[in-house]
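Each chain, written out:
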Amino acid sequence: MPAPQASMMQQFARAKFMSFSLKVPTNWQEPSGDAGKQYSDAFKPEERTTAPGAPPLFMAASANKYHTDTQKMHIGKIGKFIDDTCSAICGAWGQWQTMTSGAAFVVVGPVVSVGQFIGPPMGQLMMANGAPMSSPNEMKYTNVISTVIGTQWEAFVATIKCPGLPFYPAYAALPTPVAPPMPNVPFPLGQFVSATPLVSCNVMKPLMIAQLADPQAPFMSQLFESICTGFEQCFTIWNKATLVTNVMAIATGGTPISPLPAAGTATMPPGGLV
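Residues numbered from 1 in each chain as written. Predicted model: local features only at pLDDT ≥ 70, side-chain atom pairs only at ≥ 80, totals over all residues. Heavy atoms only, no water.

K.L.:
For this particular structure, what's the right way to read the packing of helix H7 (residues 201-212) against helix H8 (residues 220-241)?
P.N.:
Packed helices, taken two at a time, are described by the angle their axes make and the gap between the axes. The geometry of H7 relative to H8 is characterised by a closest axis approach of 9 Å and an angle of 145° between their N-to-C directions. Of the two possible hands of crossing, H7 and H8 adopt the one that is right-handed. Two secondary-structure elements touch here, H7 through Cys 201, Met 204, Lys 205, Met 208, Ile 209 and Leu 212 and H8 through Met 220, Ser 221, Phe 224, Glu 225, Cys 228, Thr 229, Phe 231 and Glu 232. By residue class, the composition of the contact of H7 with H8 is nine nonpolar, two polar and three charged. (Axes fitted to C-alpha atoms, helices over the stretch in contact; angles between N-to-C directions. Helix = DSSP H or I, 4+ residues; strand = E, 2+ residues; numbered from the N terminus. Left-handed = near helix turned anticlockwise from the far one by under 90°. Contact = heavy atoms within 4.5 Å. Nonpolar A, V, L, I, M, F, W, Y, C, P; charged D, E, K, R; others polar.)

K.L.:
Please explain helix H4 (residues 65-99) as it appears in this structure.
P.N.:
Since the α-helix turns once every 3.6 residues, residues separated by three or four places project in the same direction. Spanning 35 residues, H4 covers 51 Å between terminal C-alpha atoms, matching the ideal 51 Å at 1.5 Å per step. With a side-chain oxygen positioned 2.8 Å from the backbone nitrogen of Tyr 66, the residue opening H4 is Asn 64. (Expected span 1.5 Å × (residues − 1). Polar contact = N/O pair within 3.5 Å; in protein donor to acceptor, adjacent residues only side chain to side chain.)

K.L.:
Any chance you could explain unusual backbone geometry here in plain terms?
P.N.:
In terms of backbone geometry, most residues other than glycine have negative phi values and most peptide bonds are trans. The omega torsion across Val 24 and Pro 25 is -5°, close enough to zero to call that bond cis. Structurally, the position occupied by Pro 25 is in the loop between strand E1 (23-24) and helix H2 (33-41). Ala 54 connects to Pro 55 through a cis peptide bond whose omega is -5°. By the secondary structure assignment, Pro 55 is in the loop between helix H3 (45-48) and strand E2 (59-60). Residues other than glycine seldom take positive phi values, yet Ser 21 does so here, at roughly 50°. Its place among the elements puts Ser 21 in the loop between helix H1 (6-18) and E1. Non-glycine residue Ala 104 carries a positive phi angle of around 60°. Turning to its location among the elements, Ala 104 is positioned in strand E3 (residues 101-108).

K.L.:
Which parts of the structure should I look at to understand the packing of aromatic side chains?
P.N.:
Pairs of aromatic rings are described using the distance from one ring centre to the other and the angle between the two planes. Under the counting rule described, the total for this entry stands at 22 aromatic pairs. Ring centres of Phe 117 and Phe 192 lie 6.1 Å apart, and the angle between their planes is 50°; on these two criteria the pair is classed as tilted. You can see Phe 117 sitting in strand E4 (residues 111-118) and its partner Phe 192 sitting in the loop between strand E7 (187-188) and H7, a full 75 residues away along the chain. Judged on exposure class, the residue Phe 117 and its partner Phe 192 are both buried. Taken together, Trp 93, Trp 96, Trp 153, Phe 156, Phe 231, Phe 235 and Trp 238 form an aromatic cluster joined through their ring pairs. The cationic tip of Lys 65 hangs over the ring face of Tyr 66; the distance from NZ or CZ to the ring centre is 5.8 Å. (Phe/Tyr/Trp six-rings, centres within 6.5 Å; stacked < 30°, edge-to-face > 60°. Buried < 20%, exposed > 50% of the residue type's maximum accessible area, 1.4 Å probe, protein only. Lys NZ or Arg CZ within 6 Å of the ring centre and 35° of its normal.)

K.L.:
Would you mind going over the pattern of salt bridges with me for this structure?
P.N.:
Oppositely charged side chains may form a pair once their charged atoms are brought near each other. Within this structure, the stated rule accounts for six salt bridges. One salt bridge connects Glu 225 with Lys 16, and the closest N-O pair in it is separated by 3.5 Å. Linking Glu 225 in helix H8 with Lys 16 in helix H1, this pair joins segments that are 209 residues apart in sequence. Taking the shortest distance from any N to any O, the salt bridge between Lys 140 and Asp 214 comes out at 3.2 Å. Residue Lys 140 is found in helix H6 (residues 136-159), and its partner Asp 214 is found in the loop between H7 and H8; the two are separated by 74 residues along the sequence. The network of salt bridges with common partners includes Lys 16, Lys 205 and Glu 225. (Salt bridge = Lys/Arg side-chain N within 4 Å of Asp/Glu carboxyl O.)

K.L.:
Would you take a moment to explain the nonpolar core for this structure?
P.N.:
Note that soluble globular proteins tend to have their nonpolar side chains buried in a common cluster. In terms of nonpolar packing, the biggest core is built from 69 residues, with Trp 93, Phe 117, Trp 153, Tyr 168, Phe 192 and Phe 231 touching the most fellow members. Top element by residues in this core is H4. It accounts for ten residues. Residues within four places of Phe 192 in sequence aside, it is in contact with Phe 105, Phe 117, Ile 160, Lys 161, Cys 162, Pro 163, Leu 165, Phe 167 and Val 244. (Core = buried A, V, L, I, M, F, W, Y, C linked by side-chain atoms within 4.5 Å.)

K.L.:
So what exactly am I meant to see when it comes to the environment of Pro 166 here?
P.N.:
With respect to the helices and strands, Pro 166 occurs in strand E5 (residues 162-166). A C-alpha to C-alpha distance of 74 Å links Pro 166 and Pro 45, two positions 121 residues apart in sequence. For Pro 166, the contacting residues outside a window of four places in its chain are Pro 110, Val 111, Val 185 and Phe 187.

K.L.:
Hey, could you run me through the side chain of Ser 200 in this one?
P.N.:
Mapped onto the elements, Ser 200 comes out in the loop between E7 and H7. In this structure the side chain of Ser 200 is engaged in a polar contact, spanning 2.8 Å, whose partner is the backbone oxygen of Pro 197.

This is the structure we're talking about:
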């Protein structure tokens, strides 16, 4: 499966952010009594009831124009950050998948085990794919997101191992001393052994909060959780659907007198994850 489309991750992340039902202005309360009448009289009739913005990434604290304007400003600003971040992640993901190779697969007859995947740093690819950096706050959030996702992705990739899958059925027994090189029977990446929790929201969100180290940062927890949720949901789909292909074996076999299973190693050139 190709890397997730940005639109898919954006949808997942936005849906999660909307689930928090955040109101702006924060902690605003409608005045009552004489103060309430004075507050109402301070606005023109057409300013007292206005339409809220959409999609509702935030909820307006009231229908007052100043509140719906604040809501619309936050929707535009936070929505763009989510969209741009997801686009950068998916762009980096696509490049990583295309550039990643495999090595050190152990071939014994038809069965392959161990192995490792080698790819470029995901965090650096995110930054090169337009991760949002247009303000000091965006720079802080983006640096944290790219660092944590990059570090956790690298840790996850290091755990991917082939558990003993029948890549080469023709290698069960060979009556020749040299086994012909051949590509593997494709298998889903999800059938490999790996530590998938390393790229889960439950693991990455606390790491982002700790690395940002700013309890007062606006919407920090909700933003990180939304990005991580979108990432995890896309990863779950990708991991199950992506095939490991074109793993080329170099092995030796038996002899015409004593046929033995092929044994050797295998490698995957870039482009084998499809």
